[in-house]
Amino acid sequence: PSKVGTLKCGKVRQMESQEGVAAITNPMRDLETVDEDLVQQMVCDALVWSSLHGLVVGDKNVQRSGRTPGVGMVHAPFALLPLSFPESYYSQACELAPIFNELVDRVSLDGNFLQGFTDQDIRLGLHRSDYMLDEHTKLLLQIELNTISCSFPGLGTIVSELHRSLLIHYGEHLGLDSKKIPGNSSVSRFAEAMAKAWTEYNNPRAVVMVVAQSEERNMYDQHWLCSKALYKVHIQLSFLSLITHTMLQLFGKHWLKLICKGNYFLMEHFLCIGGQAVSVVYFRAGYAPTDYPSESEWRARLLMEQSSAIKCPSISYHLAGTKKIQQELAKPNVLERFLDNKEDIAKVRKCFAGLWSLDDSEIVGKAIERPELYVMKPQREGGGPIFLISLCHSFCCLQLYTLSTGGNNVFEQGSEEDAAYILMQRIFPSESLAYLMRDGVCHKDQAISELGIYGAYLRNKDKVIMNEQCGYLMRTKISSSNEGGVAAGFAVLDSIYLT
Ligand SMILES: N[C@H](CCC(=O)N[C@@H](CS)C(=O)NCCC(=O)O)C(=O)O
Ligand SMILES: [Mg+2]
């Protein structure tokens, strides 16, 4: 690589735990044998590249970085090189995307399965199904199916491009081929689905409304998707504008209105914001209890739900993605209620990890005997899993007993939804050495990874307009951390090197 002067770059910090690092299971990451200067140069190039290509998030140390675009930006945390991942498992995960899209739609139509919510004619789903490769069973197992506010369709695409660019420059030195990084279409295909939904609503004057949180350091991921929907996809650019509001703003200013037009037989409920019709509501908020601090936000959600605007997701798609539904779908003969094709049913069942409700006393007993084989996962989005192994035996029994009797979660004296936990088979992903870039510093550590596959579904009455896999997200985090994702500060954005 050309020496581009002596640009000051982050140092590769040896983690003290490096002594006696286990044999590198992942030759892709075996940069130990690579010349230190070369690694430094790669680190530097990657930091410059990510800054020039919008691989950025708001910096938590800068006060306004979650409110004012362009203020307090820092590169998104990323892995310096992609994770090598067996092509067979990647293909299996991609094949599952359209089946899960269909499953969400069928579940959403089953009113009594979802207790009463049914759906409109035009339905738009932008989902991400997350998996881990279980070392014990050698099975690709689903962690969860996200049907609301799926992060990183924007930044995930860019990380794949970063890794491809690095391997074009350094592949020869590393013995790696940039073409082994699969193309990542997540942002463009999601944009296509959003724009097609707007077209399907068939009101050229209507706007797409993004519902976002007031403090959003991942705003650039959202803007990437919105800007692609606006300019990359062939729609009448003059009209489609995107507006972003928080739930409170929507209702606080009484801008949100439901305009009812028509006669007794056909009453259309148009959603209007500041006098403009809304065709699509894209939620990047509304998935966490903290998004509903008062009645106003609930009323705003209800108003949107009652309107003919296309919600992404509708309340029934949102509910179809909860862990409780995931746990119900894992019960015998339940998938057969929603899917016709036997092969599809088998493919879905094959990726289900063990999932049980806490009122299953037999499994609770097993979890108390072998807590290291189970985790408890909260219903609500974002809450981290509880590893029973990390609890002392008596507390584990108390916790499981309390939750199984519908009591409150003894950890947090929170409200009853905190008690809505499910019990899940613990998945043991293999570890590999990773170079994790955060705040300009490269950390080497043992890491585990989680593969997300995006899926877009658009349907108008009986016509399925889109049902496809749309790219991927790989998230890599240090194996010692039990906690969650990228925004939480534990994982970094990664991509895949097919082996
Ligand atoms: N800030 C909001 C975050 C929205 C959000 O948390 N989404 C869930 C699915 S519901 C998710 O994708 N979690 C993985 C993200 C991670 O690893 O950090 C946004 O980006 O719009
Ligand atoms: Mg989730």
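The preceding data block contains the structure.
Quick caveat: nothing in here was measured; it's all calculated off a predicted structure.

Draft legend 1. Inspection of the pattern of salt bridges at higher detail. Going through the model one piece at a time under the given rule, you end up with 24 salt bridges. Across the salt bridge formed by R370 and E372, the nearest N and O atoms sit 2.4 Å from each other. The salt bridge involving R475 is made with E450; its shortest N-O contact spans 3.0 Å. Taken together, the positions of R475 in strand β20 (residues 463-478) and E450 in strand β19 (residues 441-460) put the pair 25 residues apart, joining distant regions of the chain.

Draft legend 2. Local environment of the side chain of T157. Mapping T157 onto the fold places it in helix α3 (residues 153-174). Beyond its immediate stretch of four places on either side in the chain, T157 contacts F152, N184, S186 and V187.

Draft legend 3. How the structure looks around the site of ligand 1. Ligand 1 sits among 16 residues. The nearest are R128, N218, R284, R475 and A487. At 2.8 Å from an oxygen atom of ligand 1 is found a side-chain nitrogen or oxygen belonging to R128. Protein chains shield 89% of the accessible area of ligand 1, which is 530 Å² for the free molecule. Residue composition of the shell around ligand 1, by class: five nonpolar, six polar and five charged.

Draft legend 4. Highlighting the pairing of strand β11 (residues 267-273). Pairing between strand β10 (residues 256-262) and β11: seven bridges, direction antiparallel. Paired with K261 across the bridge in β11 is E268. With two bridges connecting them, β11 and strand β12 (residues 276-283) associate as antiparallel partners. Directly across from I273, in β12, lies its bridge partner Q276.

Draft legend 5. Structural detail: the nonpolar core. Membership of the largest hydrophobic core comes to 101 residues, with the highest contact counts inside it found for F85 and L329. In contact with F85, not counting residues within four places along its chain, are Y90, L133, L140, L451, M474, I496, Y497, L498 and T499.

Draft legend 6. Structural view of the packing of aromatic side chains. Applying the stated criterion across every chain yields a total of five aromatic pairs. Plain terms: the ring middles of F100 and F352 are 6.4 Å apart, the flat faces sit at 45 degrees to each other, and that makes the pair tilted. In this pair, F100 sits in helix α2 (residues 87-109) while F352 sits in the loop between α11 (342-350) and β14 (355-357), placing the two residues 252 residues apart along the sequence. Accessibility classification places F100 together with F352 in one group, the buried group. Between Y292 and W298, the ring centres sit 4.0 Å apart and the planes meet at 15 degrees, which makes this aromatic pair stacked. Above the ring of F283, the side-chain terminus of R301 is found at 4.6 Å from the ring centroid.

Definitions and cut-offs
- Every chain begins its residue count from 1, and numbering advances along the sequence as written.
- To read the labels, note that chains go from A and ligands from 1, taken in the order they are written.
- Whole-chain, interface and lining totals are the exception, using all residues; otherwise, since this is a predicted model, local features are given only for residues with pLDDT of at least 70 and side-chain atom pairs are given and counted only at 80 or more.
- Hydrogens and water molecules were not included; the side-chain quantities draw on all heavy atoms of the structure.
- Each reported salt bridge corresponds to a side-chain nitrogen of Lys or Arg within 4 Å of a carboxyl oxygen of Asp or Glu.
- Going along the chain from the N terminus, every DSSP run of H or I of four or more residues is numbered as a helix, and every run of E of two or more is numbered as a strand.
- By the convention used here, residues are in contact when the closest approach between their heavy atoms is within 4.5 Å.
- Definition of nearness: a residue and a molecule or strand are near each other if at least one heavy atom of the residue lies within 4 Å of the molecule or strand.
- Polar contacts, as counted here, are pairs of nitrogen or oxygen atoms within 3.5 Å of one another; within protein the pair requires one atom able to donate a hydrogen and one able to accept it, and residues that are adjacent in sequence qualify only if both atoms are side-chain atoms.
- Areas reported as accessible are Shrake-Rupley estimates using a 1.4 Å probe. Residue values count occlusion only from the protein chains shown.
- Under the grouping applied here, Gly and all other residues not named as nonpolar or charged are polar, the nonpolar ones being Ala, Val, Leu, Ile, Met, Phe, Trp, Tyr, Cys and Pro and the charged ones Asp, Glu, Lys and Arg.
- For two strands to count as paired, DSSP must find a minimum of two bridges between them.
- For this analysis, a nonpolar core means a set of buried residues of the types Ala, Val, Leu, Ile, Met, Phe, Trp, Tyr and Cys, connected via side-chain atoms within 4.5 Å.
- Each residue gets one of three labels from its accessible area relative to the maximum for its type: buried under 20%, exposed over 50%, partly exposed in between, using a 1.4 Å probe on protein chains only.
- The pairing test for Phe, Tyr and Trp rings, Trp by its six-membered ring, is centres within 6.5 Å, and the orientation test on the planes gives stacked under 30 degrees, edge-to-face over 60, and tilted for anything in between.
- Counted as over-ring charges are cases with an Arg CZ or a Lys NZ within 6 Å of the ring centre that also lie within 35 degrees of the ring normal.

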